[in-house]
Amino acid sequence: MPSPVFALVDGNSFFASCEKVFRPDLRHRPVIVLSNNDGCVVARSSEAKQLGIKMCQPFFEIEDLCFRENVSVFSSNYELYANLSGRMMSTIASLTDSIDPYSIDECFANMSGYEQLNINLTELGFQIKERVLQNVGIPTCVGIAPTKTLAKYCNHLAKHYRGLNGVCNWLDLTPQRQ
């Protein structure tokens with residue numbers, strides 16, 4: 001029986017990325033998405049994060065900053081997010097044996113047994129990342145590991161360390177690095 005291996009695929013700044021999918025003019029602009037009653041920030045693009053906008057920050061505190069810095073501000077559009085989530089999940093499922101959705105913007109993909117088939121898991125992680133971006137327009141990061149907890153941790157590393165280019169495979173790390 002093959003050893004278990006999981007990939008956690010997570011959409012980066014998912015709600016803000018969804019808003020950018022159909023608005024190419026927003027590609028390099030800061031974008032935030034507000035909660036149900038437009039009270040506070042629930043998603044930020046990387047450009048908005050660079051401006052110092054925080055998660056859960058009340059909108060009234062940053063309204064002037066948003067105007068001054070030309071931040072695009074959106075109310076939550078859950079129908080759009082659910083649609084793009086479905087597309088993202090279908091794309092991931094087309095490249096793996098099975099997926100287990102974890103939230104609207106992330107899922108675990110079962111990669112158990114792939115190494116026995118001589119499939120390079122890191123390369124598969126990059127294929128998933130590229131295919132989701134190409135088919136759906138959502139940037140992702142991928143963490144690969146023998147447990148779901150470690151896959152989540154590797155995803156965190158993939159997101160925060162640029163040298164990993166968005167994919168971190170625990171199995172590629174030396175024991176000292178692990």
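K.L.:
So what's going on with the sheet that holds strand β7 (residues 140–145)? Which residues, and what values?
P.N.:
Either a parallel or an antiparallel arrangement is found when strands of a sheet pair, and the pairing is made through backbone hydrogen bonds. Spatially, the five strands line up as an open sheet ordered β5-β6-β1-β7-β8, and their pairing is mixed. Single-partner strands in this sheet number two, and they are β5 (99–103) and β8 (167–169). The average undirected angle you get between the axes of adjacent strands in this sheet is 15°. Bridge count between β7 and β8: three bridges; the pairing is parallel. Of the residues in β8, the one forming a bridge with Gly143 is Cys168. Here helix α5 (residues 121–136) sits on the sheet in contact with β1 (6–11), β7 and β8, set at roughly 155° to β7.

K.L.:
Describe the layout of surface pockets, naming the residues involved and giving the relevant values.
P.N.:
Taken as a whole, the largest pocket holds about 1,200 Å³ of empty space. Along the walls of the largest pocket sit 34 residues, with Asn12, Ser13, Ser46, Lys49 and Pro139 positioned nearest its centre. Of all elements in the fold, only β1, α1 (14–21), β3 (41–44), α2 (46–50), α5, β7 and α6 (148–160) reach the threshold of two or more residues within the lining of the largest pocket. Considering every element that reaches the lining of the largest pocket, the biggest residue donor is α1, with five residues. Here the residues of the lining of the largest pocket are counted per class, giving 12 nonpolar, 12 polar and 10 charged.

K.L.:
Mind laying out the sheet that holds strand β4 (residues 72–75), listing which residues take part and the relevant values?
P.N.:
Pairing is mixed in the open sheet, where three strands are placed in the order β3-β2-β4. In the strand order of this sheet, the two ends are held by β3 and β4, each with one partner. On average, each strand axis in the sheet is tilted by 25° relative to the strand beside it, whichever way the strands run. With four bridges connecting them, strand β2 (residues 31–34) and β4 associate as parallel partners. Each bridged residue has a counterpart across the sheet, and for Val31 the counterpart in β4 is Ser72.

K.L.:
Residues and numbers for the pattern of salt bridges, please.
P.N.:
Taken as a whole and judged by the stated rule, the model has five salt bridges. A salt bridge links Glu47 to Lys20; the nearest nitrogen and oxygen atoms lie 3.0 Å apart. Pair noted here: Glu47 is in helix α2 and Lys20 is in helix α1, with a separation of 27 residues, a long-range link. Classification of Lys20 as buried rests on a relative accessible area of 17%. Put simply, Lys152 and Glu106 hold a salt bridge, and the shortest N to O gap is 2.9 Å.

K.L.:
Outline the packing of aromatic side chains, supporting the account with residue identities and numerical values.
P.N.:
Inspection of the entire model under this criterion finds five aromatic pairs. Between Tyr78 and Tyr81, the aromatic rings sit 6.0 Å apart at their centres with planes inclined by 90°, giving edge-to-face as the arrangement. Of the two residues, Tyr78 and Tyr81 both sit in helix α4 (residues 78–93), three residues apart, roughly one turn of that helix. Judged by its relative accessible area of 0%, Tyr81 falls in the buried class. Here a set of aromatic residues connected by ring pairs shows up, and it is made of Phe14, Phe15, Tyr78 and Tyr81. The lysine or arginine in question, Lys148, covers the ring of Phe108, its NZ or CZ lying 5.1 Å from the ring centre.

Reading the values: rules and limits
Residues numbered from 1 in each chain as written. Predicted model: local features only at pLDDT ≥ 70, side-chain atom pairs only at ≥ 80, totals over all residues. Heavy atoms only, no water. Pairing = 2+ DSSP bridges. Helix = DSSP H or I, 4+ residues; strand = E, 2+ residues; numbered from the N terminus. Axes fitted to C-alpha atoms, helices over the stretch in contact; angles between N-to-C directions. Contact = heavy atoms within 4.5 Å. 1 Å grid on protein atoms, 1.4 Å probe; cavity = no way out; pocket = protein on both sides within 12 Å on 5 of 7 lines; lining within 4 Å. Points joined across faces, edges and corners; volume = space filled by probe spheres on them. Nonpolar A, V, L, I, M, F, W, Y, C, P; charged D, E, K, R; others polar. Salt bridge = Lys/Arg side-chain N within 4 Å of Asp/Glu carboxyl O. Buried < 20%, exposed > 50% of the residue type's maximum accessible area, 1.4 Å probe, protein only. Phe/Tyr/Trp six-rings, centres within 6.5 Å; stacked < 30°, edge-to-face > 60°. Lys NZ or Arg CZ within 6 Å of the ring centre and 35° of its normal.

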